[in-house]
Amino acid sequence: MSEHKLLNLEAIVAASKRIQSHVIRTPVLERTVGGCTLLIKPEGLQATGAFKLRGAINKMAGLPQPCPGVVAHSSGNHAQAVARAAKILGLHAVIVMPDDAPPIKRAKTEADGATVVVVGPDSDERRDRAAAISKDQGLVLVEPYDDLEIAAGQGT
């Protein structure tokens, strides 16, 4: 259960402190285009190439110990983030991926030590299989969305 009932600045600041030693502090780049100022965070510099790593580490670093491991469902970026976070934090990870996921994303997920379970392309099938694995194996489900700890970490 979340320690924060709402996603707010306090939750994001706490997440920032929790994950700071595990992610790259990306710069904020400023560009002016057509009279507008754009602020850009190049999260492609993260080890997994996306901001998703921030949310996965925040969620998983706060899990009660001992933790038997985690399970997630994703076709790519969240899969890689959970696999890398599990490797960093010393957790077992099972990732449910569709059979049409980009091969490079599956390979990188497996390279970080996650066990990949392949299902059909339907997102409901992925979600349901991950929930069943969580129940059967006692693994903590790390959702790719609708989770305050994930969102707080990604908000950093």
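Everything here concerns the structure above.
Novice: I'm lost on the side chain of Lys59 in this one. Help?
Specialist: Positionally, Lys59 belongs in helix 2 (residues 52–61). Judged by relative accessible area, Lys59 falls into the buried class, the value being 15%. Once you skip the residues sitting within four places of it in the chain, Lys59 turns out to touch Leu141, Val142, Asp147, Glu149 and Ile150.

Novice: Even after reading the chapter, I still don't get the sheet that holds strand 3 (residues 70–73), so can you show me in this structure?
Specialist: Hydrogen bonds between backbone atoms are what pair the strands of a sheet, whose relative direction is either parallel or antiparallel. Strand order in the open sheet formed by 4 strands is 5-4-3-6, and the pairing between neighbours is parallel. Looking at strand neighbours, the two that pair on one side only are strand 5 (115–119) and strand 6 (140–141), the edges of this open sheet. Pairing of strand 3 with strand 4 (residues 93–98), which is carried by 4 bridges, proceeds in the parallel orientation. Residue pairing for strand 4: Ala72 is matched across the bridge by Ile95. Contacts between helix 5 (residues 123–137) and the sheet are confined to strand 3, strand 4, strand 5 and strand 6, with strand 4 contributing the most and set at about 160° to the helix.

What counts as what
Residues numbered from 1 in each chain as written. Predicted model: local features only at pLDDT ≥ 70, side-chain atom pairs only at ≥ 80, totals over all residues. Heavy atoms only, no water. Helix = DSSP H or I, 4+ residues; strand = E, 2+ residues; numbered from the N terminus. Buried < 20%, exposed > 50% of the residue type's maximum accessible area, 1.4 Å probe, protein only. Contact = heavy atoms within 4.5 Å. Pairing = 2+ DSSP bridges. Axes fitted to C-alpha atoms, helices over the stretch in contact; angles between N-to-C directions.

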